[in-house]
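A closer look at the structure
As a plain string of letters, each chain reads:
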Amino acid sequence: MTDQNDTPETDFDAVDDAADESTPLQPSDQSTPDLDDVVLDNLDTGTDDGSDEASRGLFDDLLEGEPIFENKEVLRPSYTPHKLPHREEQINNMATILVTALRGDTPSNILIYGKTGTGKTASAKFVSEELETTSQKYEVPCEVEYINCEVTDTQYRVLAQLANKFINKNLDVIEDRLDELEDLIKRAREDPSELDDTEFDSLEAIDEKRDAFEADREEFEEVPMTGWPTDRVYSSFFDAVDYHERVVVIMLDEIDKLVEKSGDDTLYNLSRMNSELENSRVSIMGISNDLKFTDFLDPRVKSSLGEEEIVFPPYDANQLRDILQARADVAFKGAALTEDVIPLCAAFAAQEHGDARRALDLLRTAGELAERDQIDQVEEDHVRQAQEKIELDRVVEVVRTLPTQSKIVLFAIILLEKNGVHNINTGEVFNIYKNLCNEIDADVLTQRRVTDLISELDMLGIVNAVVVSKGRYGRTKEISLSVPTEETEAVLLSDSRLGDIDDVQPFVQARFDN
Ligand code: ADP
Ligand code: MG
């Protein structure tokens with residue numbers, strides 16, 4: 001059998017010989033005896049050092065080190081903290097406006113805005129939980145509905161989601177009331193005086209009420225997520241909200257996404273509801289990363305929505321430290337963080353427009369990297385690695401989701417850089433871009449449009465384009481790549497259309513032809 005392995009050409013002869021010597025084999029079994037031997041051989045030789053490995057699973061090494069995290073969940077974006085340092089003022093402002101609801105009146109609409117990671121969602125959720133708890137405590141009917149408009153991004157879906165939430169709440173109320181009536185009927189049958197303190201003067205009256213509730217129950221029909229005319233969805237929602245007396249606060253988070261995608265009809269409809277509602281009142285709390293979206297609103301909607309405005313300014317490095325420290329105390333084991341870790345995470349995130357989400361991501365990722373290194377302390381270097389990793393993940397995501405035309409433009413810039421061209425100008429990019437487009441049968445845009453696409457890439461932080469004056473030759477852009485070349489190229493080539501380009505050298509040559 002050693003022979004066979006050493007002289008592959010004679011494999012079949014050898015197998016045939018072997019087969020001849022032993023019992024006849026089925027044709028498909030020709031090589032089986034040899035394979036078995038090989039496998040057994042391997043197992044045999046591997047036994048000494050291999051058995052240990054077999055019993056030590058994939059996870060043993062990783063489990064060995066002291067764990068760094070006490071509760072990693074606390075650092076995830078999905079976690080809603082109950083203490084929000086440096087947001088006291090904004091939270092108090094919200095509460096001062098919304099307390100009106102607990103007095104049974106309609107709170108002003110509120111527009112909240114600030115950059116991402118400034119604690120808008122966390123603060124709004126915190127306030128809404130407090131509001132609902134207090135309303136239960138004092139038995140004032142007040143409900144808060146939260147909708148993330150990045151996910152629920154059309155008028156139909158916003159209204160359908162709201163309608164269904166209120167329909168379900170109403171059904172719960174109806175069930176409770178029916179149970180109470182059932183109970184009352186039983187008691188009143190035994191002792192008619194049970195009716196004395198109630199709104200009913202006879203068992204028949206209770207029956208009637210019960211029938212009415214049952215009819216209501218039949219009438220509330222869930223709104224399907226597509227298919228109805230929007231009018232019908234709106235009136236379902238309207239009827240559901242108005243079913244009984246209450247103040248409803250509708251939180252529309254990422255409201256700019258809704259307006260961008262579907263215009264301001266939803267806001268228009270919601271903001272004029274109060275004049276028609278009989279039993280209930282609606283107040284809107286819009287949350288946005290960007291105030292510019294209000295330019296696209298009907299002036300009536302704009303003034304109604306912005307009755308009160310609350311700004312969430314970016315956090316500075318010191319504030320971010322406090323936020324991180326509070327979370328780290330719960331998330332990490334006692335001595336898991338070296339001294340510099342939190343200040344460095346805070347400093348990096350402060351540069352990133354004071355984004356607390358980025359600060360927390362850095363801290364979590366740094367912890368994970370330390371865990372992977374199997375050491376029991378997170379060090380400054382882990383934070384630096386985390387910063388690089390997050391930055392790269394961001395670039396990959398941005399590049400991956402670029403439209404094809406922008407990808408081609410970016411690819412042209414990468415090809416130039418890879419061929420040692422510095423201070424790339426728009427004309428050079430355009431020439432290569434044209435050739436790439438022809439190669440993959442894409443439309444060729446005008447040079448002007450390509451210039452716009454380059455500006456967009458600049459705004460996304462993928463390239464850096466500076467305008468330089470060329471004296472009497474006018475002005476041109478000098479373009480350079482702001483992201484790692486290899487990784488970015490790999491992401492571009494993973495796009496099936498760009499992946500088809502196999503030999504790129506001719507395109508780079510082409511720039512000299514023009
Ligand atoms: P936004 O909605 O403004 O983009 P988020 O409310 O989602 O920001 O906050 C981003 C992350 O930072 C969340 O994980 C949140 O819990 C946390 N965070 C923001 N501000 C604070 C704060 N003041 N205290 C504690 N955690 C905060
Ligand atoms: Mg948010």
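Rules and cut-offs
Residues numbered from 1 in each chain as written. Chains lettered and ligands numbered in written order. Predicted model: local features only at pLDDT ≥ 70, side-chain atom pairs only at ≥ 80, totals over all residues. Heavy atoms only, no water. Near = heavy atom within 4 Å. Polar contact = N/O pair within 3.5 Å; in protein donor to acceptor, adjacent residues only side chain to side chain. Areas by Shrake-Rupley, 256 points an atom, 1.4 Å probe, with all protein chains shown as cover. Helix = DSSP H or I, 4+ residues; strand = E, 2+ residues; numbered from the N terminus. Nonpolar A, V, L, I, M, F, W, Y, C, P; charged D, E, K, R; others polar. Phe/Tyr/Trp six-rings, centres within 6.5 Å; stacked < 30°, edge-to-face > 60°. Buried < 20%, exposed > 50% of the residue type's maximum accessible area, 1.4 Å probe, protein only. Pairing = 2+ DSSP bridges. Contact = heavy atoms within 4.5 Å. Patch = residues over 30% accessible without salt bridge, like charges linked within 9 Å, V, L, I, M, F, W, Y side chains within 5 Å. Salt bridge = Lys/Arg side-chain N within 4 Å of Asp/Glu carboxyl O. Lys, Arg positive; Asp, Glu negative; His and termini not counted. Charge placed at Lys NZ, Arg CZ, Asp CG, Glu CD. Axes fitted to C-alpha atoms, helices over the stretch in contact; angles between N-to-C directions. Left-handed = near helix turned anticlockwise from the far one by under 90°. Parallel < 35°, antiparallel > 145°, perpendicular 65-115°, else oblique.

1. A few points about the site of ligand 1
Ligand 1 sits among 20 residues. The nearest are P85, G117, K120, T121 and Y315. Between a nitrogen atom of ligand 1 and a side-chain N or O atom of Y315, the distance comes to 2.7 Å. Bound to the protein, ligand 1 loses 96% of the 550 Å² it would expose on its own. Elements with a contribution of two residues or more to the shell around ligand 1: α6 (120–137), α13 (317–331) and α15 (356–372). For the shell around ligand 1, a count of residues per class yields nine nonpolar, five polar and six charged.

2. Here's the deal with the packing of aromatic side chains
One pass over the full model with this rule turns up five aromatic pairs. Pairing F220 with Y243 gives two aromatic rings, centres 5.0 Å apart and planes at 85°, and the pair type is edge-to-face. Taken as a pair, F220 in the loop between α8 (203–219) and α9 (230–241) and Y243 in the loop between α9 and β3 (246–253) lie far apart in primary sequence, 23 residues in all. When its relative accessible area of 16% is taken as the criterion, F220 is described as buried.

3. A short note on the pairing of strand β7 (residues 475–481)
Across the seven residues of β7, five count as buried, placing the element largely inside the fold. As judged from the seven bridges shared by strand β6 (residues 463–469) and β7, these two strands associate in the antiparallel manner. Along β7, the bridge assignment pairs S469 with R475. The loop that links β6 with its antiparallel partner β7 comprises five residues; one of these, G471, has a positive phi angle of about 60°.

4. A few points about the environment of A370
If you trace the backbone, A370 turns up in helix α15. Classification of A370 by relative accessible area gives buried; the value is 0%. Not counting chain neighbours up to four residues away, the residues in contact with A370 comprise I68, I375, Q377, V378 and H382.

5. Brief notes about the side chain of S280
With respect to the element layout, S280 can be found in strand β4 (residues 280–288). Polar contacts involving the side chain of S280 include one to the main-chain carbonyl oxygen of V241, which spans 3.2 Å. S280 has contacts with V241, D242, H244 and R246, leaving out every residue within four places of it along the chain.

6. Focus on a negative patch on the surface
On the surface, a cluster of negative charge is made up of E204, E208, D211, E214 and E218. On the basis of relative accessible area, E204 is assigned to the exposed category, the value being 53%.

7. Here we look at unusual backbone geometry
Even without being glycine, Q374 reaches a positive phi, approximately 55°. One can find Q374 in the loop between α15 and α16 (380–400). Within the chain, D441 stands out as a residue other than glycine whose phi angle is a positive 60°. For D441, the position within the fold is in the loop between α18 (426–439) and α19 (447–459).

8. Topic: the sheet that holds β4
Spatially, five strands are ordered β2-β3-β4-β1-β5 in an open sheet, and the strand pairing comes out parallel. The sheet is open, and its two borders are formed by β2 (142–148) and β5 (308–311), each paired with just one other strand. For this sheet, the mean angle separating the axes of adjacent strands, direction not counted, is 15°. On the sheet, helix α10 (residues 255–262) packs against β3 and β4 and is oriented at approximately 90° with respect to β4.

9. Things to note about the packing of helix α7 (residues 155–190) against α9
Any two packed helices are characterised by the angle at which their axes cross and by the distance between the axes. Where α7 contacts α9, the two axes come as close as 8 Å, and the packing angle between them is 30°. Remark: the crossing between α7 and α9 carries left-handed chirality. Across from Q155, Y156, L159, A160, L162, A163, F166, I167 and N170 in α7, the residues of α9 making contact are T230, V233, Y234, S236, F237, A240 and V241.

10. Quick word on the side chain of Q90
Mapped onto the fold, Q90 is located in helix α5 (residues 88–102). Setting aside anything within four residues of it in sequence, one finds Q90 in contact with I310, V311, F312 and P313.

11. Some points on the packing of helix α17 (residues 404–418) against helix α20 (residues 485–493)
For the pair α17 and α20, the least separation of the axes is 10 Å and the interaxial angle reads 140°. On the basis of the axis angle, α17 is oblique to α20. Two packed elements cross with a definite hand, and for α17 against α20 that hand is left-handed. Contacts between α17 and α20 involve K407, L410, F411, I414 and K418 from the former and T485, T488, E489, L492 and L493 from the latter. Tallied by class, residues from the contact of α17 with α20 come to five nonpolar, two polar and three charged.

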